[in-house]
Amino acid sequence: MAKDGRQARWDKHNQQRRQQILDAALVVIEAGRAGDEFHVQQIAVRAGLNRTVVYRHFDDRADLDRAIRAHVLDDLTAVLIPTVSLYGTIRQIIRRIVGSYVEWVAAHPAAHTFAVQEISGPFEQGTDRVAGALVDVLRRALRLVDADLDDDERLLLDPLAHVLVGAVFGAVRHWVAQEPREPEAARLVGMLSLSVWSLIDGHARRIGLELDPDRPIGELFATEGATP
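Here the structure is a predicted model, which means the values were calculated and not measured. (Residues numbered from 1 in each chain as written. Predicted model: local features only at pLDDT ≥ 70, side-chain atom pairs only at ≥ 80, totals over all residues. Heavy atoms only, no water.)

Undergrad: Just checking my understanding: could you explain the overall build of the chain for this structure?
TA: Regarding its fold elements, the chain presents 11 helices and 0 strands. For the chain, the sequential pattern of α-helices and β-strands runs α-α-α-α-α-α-α-α-α-α-α. Along the three orthogonal principal directions, the C-alpha set of the chain runs to about 65 × 55 × 30 Å. Burial analysis of the chain (228 residues in total) assigns 41% to the buried set. Considering only intrachain contacts with a sequence separation of at least 6, the fraction spanning at least 24 residues in the chain is 71%. Of the charged side chains in the chain, 27 are positive and 33 negative; the average position of the first set lies 8 Å away from that of the second. (Helix = DSSP H or I, 4+ residues; strand = E, 2+ residues; numbered from the N terminus. Buried < 20%, exposed > 50% of the residue type's maximum accessible area, 1.4 Å probe, protein only. Contact = heavy atoms within 4.5 Å. Lys, Arg positive; Asp, Glu negative; His and termini not counted. Charge placed at Lys NZ, Arg CZ, Asp CG, Glu CD.)

See the structure below:
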């Protein structure tokens, strides 16, 4: 049954109010230090609402916290997904992805810390989305170099992507929790990028591929007569 105009307007109002609450929650979280506790009353005040109004849009505090985590990770994946592409050299691609993640976390340490307090749920979904995008890129890259993979090797691409994403996420999660935060962000990006390349290079050599990390991927597309 189609919704009438009044119901549609009410649903839109509820969506906007829910977004208002989540945006206010992020402001509250980021006003404090990573790991600081915050209260629903703080969120309500920031949103310009009564505390009871906040709870009309969420089942309980746990439901609100899950929604905030999902909101944070939606913002993060919106930044990361566009970086997972075949533009540039292998080294540039890796550094672009890793650098974007570290840069986002350095700018939002408290929000990131709160979002990853629960590994399951929104955080797991977020890493799955990034890993899924990475699997697609790896498959396209392997087609470009005409890699002859059997079914078993193809099945390994998904766990490999999760290893790469999980290793970077884990390292950055530990890094951002430290005070002082060392090493500096640029050095961390360099180390993680080198580590990711070493893993990719090792697996490529295992299946008989020698990759040049400084060769533009566009050259492969030109060779194959395709576009990225």
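Undergrad: Hey, could you run me through the nonpolar core in this one?
TA: The nonpolar side chains of a soluble globular protein tend to be buried with one another. Of all hydrophobic cores here, the largest spans 69 residues; its most connected members are Ile43, Leu64, Ile68, Tyr101, Val102 and Val172. Sequence-distant contacts of Tyr101, that is, excluding residues within four places in its chain, are made with Leu76, Leu80, His112, Val168, Phe169 and Val172. (Core = buried A, V, L, I, M, F, W, Y, C linked by side-chain atoms within 4.5 Å.)

Undergrad: Would you mind showing me how to read the packing of aromatic side chains here?
TA: Centre distance and the angle of the planes are the two values used to describe a pair of aromatic rings. One pass over the full model with this rule turns up 2 aromatic pairs. Each ring, one from Phe38 and one from Phe114, has its centre 5.2 Å from the other, and the planes form 70°; the classification is edge-to-face. With a gap of 76 residues between them, Phe38 in the loop between α1 (5–31) and α2 (40–47) and Phe114 in helix α6 (residues 109–115) connect regions that are remote in the sequence. Side by side, Phe38 and Phe114 carry an identical accessibility label, which is buried. On the numbers, 4.4 Å between centres and 20° between planes, the contact of Tyr101 with Phe169 is stacked. Linking Tyr101 in helix α5 (residues 90–107) with Phe169 in helix α9 (residues 157–176), this pair joins segments that are 68 residues apart in sequence. (Phe/Tyr/Trp six-rings, centres within 6.5 Å; stacked < 30°, edge-to-face > 60°.)

Undergrad: How should the packing of α9 against helix α10 (residues 185–206) be read in this particular structure?
TA: Each packed pair of helices is defined by two parameters, the angle between the axes and the distance between the axes. One way to put it is that α9 packs onto α10 with a least axis distance of 11 Å and a crossing angle of 160°. As judged from the angle between their axes, α9 and α10 are roughly antiparallel. Classified by chirality, the crossing of α10 by α9 is right-handed. On α10, the residues that touch Leu160, Val163, Leu164, Val168, Ala171, Val172 and Trp175 of α9 are Ala185, Leu188, Leu192, Val196, Leu199, Ile200 and His203. Classifying every residue of the contact of α9 with α10 gives 13 nonpolar, 1 polar and no charged. (Axes fitted to C-alpha atoms, helices over the stretch in contact; angles between N-to-C directions. Parallel < 35°, antiparallel > 145°, perpendicular 65-115°, else oblique. Left-handed = near helix turned anticlockwise from the far one by under 90°. Nonpolar A, V, L, I, M, F, W, Y, C, P; charged D, E, K, R; others polar.)

Undergrad: Please clarify how α2 should be interpreted in this entry.
TA: Given 3.6 residues to a turn, an α-helix orients residues that are three or four positions apart in the same direction. For α2, the complete set of buried residues consists of Val40, Ile43, Ala44 and Ala47. Buried residues of α2 fall within an arc of 100° about the axis and therefore sit on the same side. Exposed and oriented more than 90 degrees from the buried face of α2 are Val45 and Arg46. At the C-terminal side of α2, Gly48 shows a positive phi close to 75°. (Arc of directions from axis to C-beta.)

Undergrad: When you look at the confidence of the model for the chain in this model, what are you seeing that I'm missing?
TA: Low-confidence regions, as indicated by low pLDDT, have predicted coordinates that should not be scrutinised in detail. Summary statistics for the chain give a mean pLDDT of 89 and a share of 94% for residues scoring 70 or more. Low pLDDT (under 50) marks residues 224–228, which in the prediction has 7 contacts with non-local residues, meaning those over four places away or in another chain. (pLDDT = per-residue confidence, 0-100.)

Undergrad: How should the side chain of Ser100 be read in this particular structure?
TA: Considering the arrangement of structural elements, one finds Ser100 in helix α5. Here the side chain of Ser100 touches Arg96 through a polar contact of 2.8 Å, landing on its backbone oxygen. Among residues more than four places away in sequence, those in contact with Ser100 are Leu80, Thr83 and Arg95. (Polar contact = N/O pair within 3.5 Å; in protein donor to acceptor, adjacent residues only side chain to side chain.)

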